[in-house]
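Residue strings, one per chain:
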Amino acid sequence: MSVLPPFDKRFEQQCVQMVKQIFAKKFFPKGIGSKTRTPIFIIGFVRSGSTLLERILDAHPLIVGTGEYSVFNGRLDYILNEIVAANQAGDLSILHSKVKKLADDVVIDMIKRWEIINDNTRASDTNEDDDSDEEERDTVKPIRFSDKILTNYMNV
């Protein structure tokens, strides 16, 4: 088990302040953003019940947990740079379409990740005595996907 560094309150406060300065209310004009309800971002702190929450959500047939591999977090630098560049263009339609495309791309990759996990699970499942509930769940395509990286509280 890896050891986490001690909590550094001053560092965290500096990070929060920096995010507040960059992403002030005027950064995103009204109406800019994605209306998708597909991703569920699970954020928080270690030992706060996030895994339990993810497992409870995953028990619903239309919601799936994709583990601690964050599609969103994995492309965060790219997303941030693209949004800043689109914002600097000064044209709201460019910013709006860029944010929508970036959000749609995250959702598409979350679905692809689930398909890979689902295919691998099916391939490795050789037990003929599966419950019919599990078989039924495999045929239902989820409409919501949880993305769990606890430190994403600084990015969502």
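Check the entry above for the structure.
None of these values were measured; they are calculated from a predicted model. (Residues numbered from 1 in each chain as written. Predicted model: local features only at pLDDT ≥ 70, side-chain atom pairs only at ≥ 80, totals over all residues. Heavy atoms only, no water.)

*Asks:* When you look at the overall build of the protein in this model, what are you seeing that I'm missing?
*Replies:* If you tally the helices and strands in the protein, you get six helices and three strands. Scanning the protein from its N terminus toward the C terminus, one meets helices and strands in the order α-β-α-β-α-α-α-α-β. The buried share of the protein, taken over its 156 residues, is 25%. Counting contacts in the protein only where the partners sit at least 6 residues apart, residues at least 24 apart contribute 82% of the total. Surface exposure of the protein reaches about 11400 Å², of which carbon and sulfur atoms provide 56%. (Helix = DSSP H or I, 4+ residues; strand = E, 2+ residues; numbered from the N terminus. Buried < 20%, exposed > 50% of the residue type's maximum accessible area, 1.4 Å probe, protein only. Contact = heavy atoms within 4.5 Å. Areas by Shrake-Rupley, 256 points an atom, 1.4 Å probe, with all protein chains shown as cover.)

*Asks:* Can you walk me through the sheet that holds strand S1 (residues 39-42) in this structure?
*Replies:* Sheets are built from strands that pair by backbone hydrogen bonding, the pairs being arranged parallel or antiparallel. Read from one edge of the open sheet, three strands run S1-S3-S2, paired in parallel fashion. Two strands bound the open sheet, and with one partner strand each, they are S1 and strand S2 (63-65). Across the sheet, the mean angle separating the axes of adjacent strands is 25° when strand polarity is ignored. Relative to strand S3 (residues 144-148), S1 runs parallel, the two being bridged by four bridges. Looking across to S3, one finds that Ile-42 is bridged to Lys-148. (Pairing = 2+ DSSP bridges. Axes fitted to C-alpha atoms, helices over the stretch in contact; angles between N-to-C directions.)

*Asks:* Before we go on, may I ask you to explain helix H2 (residues 50-58) in this structure?
*Replies:* Regarding H2, the residues found buried are Ser-50, Glu-54 and Leu-57. The buried residues of H2 occupy an angular sector of 65° when the element is viewed end-on, so they sit on one face. Across H2 from its buried face, at more than 90 degrees, point the exposed residues Leu-52, Arg-55 and Ile-56. Each element contacted by the buried residues of H2 is listed here: S1, S2 and S3. (Arc of directions from axis to C-beta.)

*Asks:* What's the story with the pattern of salt bridges in this structure? I'm lost.
*Replies:* If charged atoms from side chains of opposite charge come close, those side chains can pair. All chains considered together, the criterion is met by six salt bridges. Between Arg-75 and Asp-109 there is a salt bridge; the shortest N-O distance is 2.0 Å. Within this pair, whereas Arg-75 is found in the loop between helix H3 (71-74) and helix H4 (76-88), its partner Asp-109 is found in helix H5 (residues 92-124), the two being separated by 34 residues in sequence. Close ionic contact of Lys-98 with Glu-82 constitutes a salt bridge, the shortest N to O distance being 2.8 Å. Taken together, the residues span a long stretch of sequence, with Lys-98 in helix H5 and Glu-82 in helix H4 at a distance of 16 residues. Accessibility expressed as a relative area gives 24% for Lys-98, which makes it partly exposed. (Salt bridge = Lys/Arg side-chain N within 4 Å of Asp/Glu carboxyl O.)

*Asks:* Which parts of the structure should I look at to understand the nonpolar core?
*Replies:* In summary, soluble globular proteins display a tendency toward joint burial of nonpolar side chains. In terms of nonpolar packing, the biggest core is built from 16 residues, with Ile-79, Ile-83, Leu-95 and Val-106 touching the most fellow members. Residue contributions to this core peak at six residues, all from H5. With sequence-adjacent residues up to four places away left out, Val-106 is seen in contact with Val-71, Phe-72, Arg-75 and Ile-79. (Core = buried A, V, L, I, M, F, W, Y, C linked by side-chain atoms within 4.5 Å.)

This is a description of form; function is not addressed.
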